[in-house]
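# Close look at the chain arrangement
What follows is each chain in one-letter form.
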Number of protein chains: 2
Amino acid sequence: MSERLFARMAVIGCGLIGSSVIRAARAKDIVGEVAVADVSPAVLDRVRALGFADTVTADAAEAARHADLVVLAAPPLAIGQIAAEVARKLKPGAIVTDVGSVKTVVAEAFAASLPSGVFAIPGHPIAGTEESGPDAGYATLFAHRWTILTPQPRQDEPYRAAVARLTAFWEALGANVELMDERHHDLVLAVTSHLPHLIAYNIVGTAADLEEVTRGEVIKYSAGGFRDFTRIAASDPIMWRDVFLANKDAVLEILGRFTEDLQALSRAIRWGEGDKLHELFTRTREIRRGVIEAGQETPEPDFGRHHDEG
Amino acid sequence: MSERLFARMAVIGCGLIGSSVIRAARAKDIVGEVAVADVSPAVLDRVRALGFADTVTADAAEAARHADLVVLAAPPLAIGQIAAEVARKLKPGAIVTDVGSVKTVVAEAFAASLPSGVFAIPGHPIAGTEESGPDAGYATLFAHRWTILTPQPRQDEPYRAAVARLTAFWEALGANVELMDERHHDLVLAVTSHLPHLIAYNIVGTAADLEEVTRGEVIKYSAGGFRDFTRIAASDPIMWRDVFLANKDAVLEILGRFTEDLQALSRAIRWGEGDKLHELFTRTREIRRGVIEAGQETPEPDFGRHHDEG
């Protein structure tokens, strides 16, 4: 554990993910110094109080200076500006990565702003909770989860070594690492993450706007399924606004499929076609089994919600 | 605890809910004898092995005979037939209730089949997990959850006393009890439970049918939100087929609203209207806060999924 992967790591944007990266890297002792920058003075105060960073500043370029690893942990649409800001002070040979949910826009931003002497490797740890801010992070957030890296189509040895080093970093944090083309990443995530969030936001909004059913009733009787959607629909609003705007094409394509299927389901209900409903409801159980077998979920029913009850 | 509410309880249909009612009633010692009937020989074998019933039979009418409380815990569309079956052997003064997610069809089935000498009180405990069968139940399933009773519009004293007795029964199991008109119940549940399940089944089906994204990828990267939908979409297929067929009108009405809102959201994404997205995503957070404040959810992020990880 004394073999540190990076002498100095800079984390620009210290919310749930950024602070978890730091906590996990500290816990595994794989980085030396840690510098943090954030645009929010309140976040900077919390980071100082939490005490996990050596340098805490509002100046992203200053934090990134001298760093061997620069992690941009800001909302997708802010990445372009931050990359441009830190570019001029980056150390030659530094690895620059991010943790955002959309990768095509990040690949474009990196290509447009970063100097050729650094190694730009967009990344995305698929982990999170509905909480936000530096207090919400924890060291085991990435354990047994997947982190996808979307390297540039470069085959030179120094770049490949940088990808291997960043892979080792994420693996040290407990993640499984997969390499993927950024466009494919954005389509996969549109299905497994972006559409689920869009649907959850939408259903919670629909429920809040009904006239015949009060908001109090919706909340009171939410244990029948609705509460699971409220959890997802409580995710960070700015980050998710950016995700949908940044991954517009893939999200609209998947949403089109979803709507088409929903119309067919609606029609089956209207015409009392029980067999069609039963067929779908049986098929979806298999996917659940796959999720549990793949270790991406606990099989425990109700997530142990009843365990805290008398 | 020695004041037993019912000398003999019959539970017809012994799955997750039926077996939880028995376990909870046993734990609180509020019933004397327990008789169980089920159409499935496999379920009957499990019930015998679990040992929580005094009588185990395939004959619903036989189980219901002599019972003071008869709980029909079968899928919504099976209730009519079971009510007709047990009707002729019911003890005068017995309370007959059910636990289904749709109440208008049950009110109609009870009115059509049950003799006037028994007290028919449809009911619905809003609790459950995605698991099915007698092994899946547990005694604290109803604790701090709501149970809705939808009594007939009768004001006579014996009926009111029966409603009070059934209310006391559910309260003894740990539930909060609310009385409601059956049509309103069906609309409220269409929002808080039926639509969420329909959406979850649909999105899992859509994801399984894509060509460009493999099923393996969907499962592998499900931690980004999709896995929460797979949990709901693993619920009992027959029960849910029945729910949608039995509550068709309310489900289609709420689904219409949902689809309308989703189209507006889709349009906002297409035209890059970030403010509209941000406004919705902020509003939905308040509902989440309400759900937690109402004690219908734990505030714990990620349901403690990371707790079992090293």
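Above this text sits the structure in question.
Below: a short report on this structure.

## What about the relation of the copies chain B and chain A?
Between chain B and chain A, which share one sequence, the superposing operator has a rotation angle of 180° and an axial displacement of 0.0 Å; the RMSD is 0.0 Å. Here the transformation between the copies is reduced to the relation of a two-fold axis. When the interface residues of chain B are mapped onto chain A, 100% of them again fall at the interface, so both copies present the same face.

## Points about the interface of chain B and chain A
With 113 residues of chain B at the interface, the matching set in chain A holds 113 residues. Around 10,700 Å² of area is buried between chain B and chain A when both sides are counted, 65% of it from carbon and sulfur atoms. Inspection of the region where chain B meets chain A yields 10 salt bridges. Here chain B and chain A share 34 residue pairs in polar contact (both at pLDDT 80 or more) between them. Only strand S8 (146-149), helix H7 (182-208), helix H8 (215-220), helix H9 (226-232), helix H10 (237-246), helix H11 (248-270) and helix H12 (274-293) of chain B provide two or more residues apiece to the side of chain B that touches chain A. If you tally residues by element for the side of chain B that touches chain A, the top one is H7 of chain B, at 20 residues. Residues of the side of chain B that touches chain A, tallied by class, amount to 52 nonpolar, 30 polar and 31 charged.

## Details of helix H1 (residues 16-28) of chain B
Each full turn of the α-helix corresponds to 3.6 residues, which orients residues three or four apart in the same direction. Residue and element names in this part refer to chain B. Taking 1.5 Å per residue as the helical rise, H1 with its 13 residues ought to reach 18 Å, and the 18 Å between its terminal C-alpha atoms agrees with that figure. Where H1 is concerned, the buried positions are Leu-16, Ile-17, Gly-18, Ser-19, Ser-20, Val-21, Ile-22, Arg-23, Ala-24 and Ala-25. Buried residues along H1 sit against strand S1 (6-12), strand S2 (31-37), helix H2 (41-50), strand S7 (123-125) and helix H6 (157-172). Just downstream of H1 lies Asp-29, where phi reads positive at about 55°.

## Considerations on the packing of helix H5 (residues 104-113) of chain B against H7 of chain B
Helix-helix packing: each pair is described by the crossing angle between the helix axes and the interaxial distance. Residue and element names in this part refer to chain B. Look at H5 against H7: their axes get within 8 Å of each other, and the N-to-C directions meet at 150°. The orientation of H5 with respect to H7, classified from their angle, is roughly antiparallel. Note on element contacts: H7 touches H5 through Glu-182, Arg-183 and Asp-186, opposite Thr-104, Ala-107 and Glu-108. Taken together, the residues of the contact of H5 with H7 break down into one nonpolar, one polar and four charged.

## A word on the packing of helix H7 (residues 182-208) of chain A against helix H11 (residues 248-270) of chain A
Residues and elements named next belong to chain A. Look at H7 against H11: their axes get within 9 Å of each other, and the N-to-C directions meet at 65°. Considering how the two elements wind past one another, H7 and H11 form a crossing that is right-handed. Residues Asp-186, Leu-187, Ala-190, Val-191, His-194, Leu-195, Leu-198 and Ile-199 of H7 lie in contact with H11, whose contacting residues are Ala-250, Val-251, Glu-253, Ile-254, Leu-255 and Phe-258. In terms of residue class, the contact of H7 with H11 is made up of 11 nonpolar, one polar and two charged.

## Here's the deal with the pattern of salt bridges
Under the definition given, this model contains 38 salt bridges over all chains. The partner of Glu-62 of chain B in a salt bridge is Lys-89 of chain B, with the nearest N and O atoms 3.2 Å apart. Placement of Glu-62 of chain B in helix H3 (residues 60-64) and of Lys-89 of chain B in the loop between helix H4 (79-87) and strand S5 (95-98) is noted, with a sequence separation of 27 residues between them. Given the relative accessible area of 32%, Glu-62 of chain B is considered partly exposed. Close ionic contact of Glu-279 of chain B with Arg-283 of chain B constitutes a salt bridge, the shortest N to O distance being 3.0 Å. With a gap of four residues between them, Glu-279 of chain B and Arg-283 of chain B both fall in helix H12, about one helical turn apart. Taking the relative accessible area as the measure of exposure, Glu-279 of chain B reaches 43% and is therefore partly exposed. Connected via shared salt-bridge partners are Glu-62, Arg-65 and Lys-89 of chain A.

Conventions we followed
Residues numbered from 1 in each chain as written. Chains lettered and ligands numbered in written order. Predicted model: local features only at pLDDT ≥ 70, side-chain atom pairs only at ≥ 80, totals over all residues. Heavy atoms only, no water. Least-squares fit on C-alpha atoms with pLDDT ≥ 70 in both. Contact = heavy atoms within 4.5 Å. Buried area = accessible area lost by both parts, 1.4 Å probe. Salt bridge = Lys/Arg side-chain N within 4 Å of Asp/Glu carboxyl O. Polar contact = N/O pair within 3.5 Å; in protein donor to acceptor, adjacent residues only side chain to side chain. Helix = DSSP H or I, 4+ residues; strand = E, 2+ residues; numbered from the N terminus. Nonpolar A, V, L, I, M, F, W, Y, C, P; charged D, E, K, R; others polar. Expected span 1.5 Å × (residues − 1). Buried < 20%, exposed > 50% of the residue type's maximum accessible area, 1.4 Å probe, protein only. Axes fitted to C-alpha atoms, helices over the stretch in contact; angles between N-to-C directions. Parallel < 35°, antiparallel > 145°, perpendicular 65-115°, else oblique. Left-handed = near helix turned anticlockwise from the far one by under 90°.

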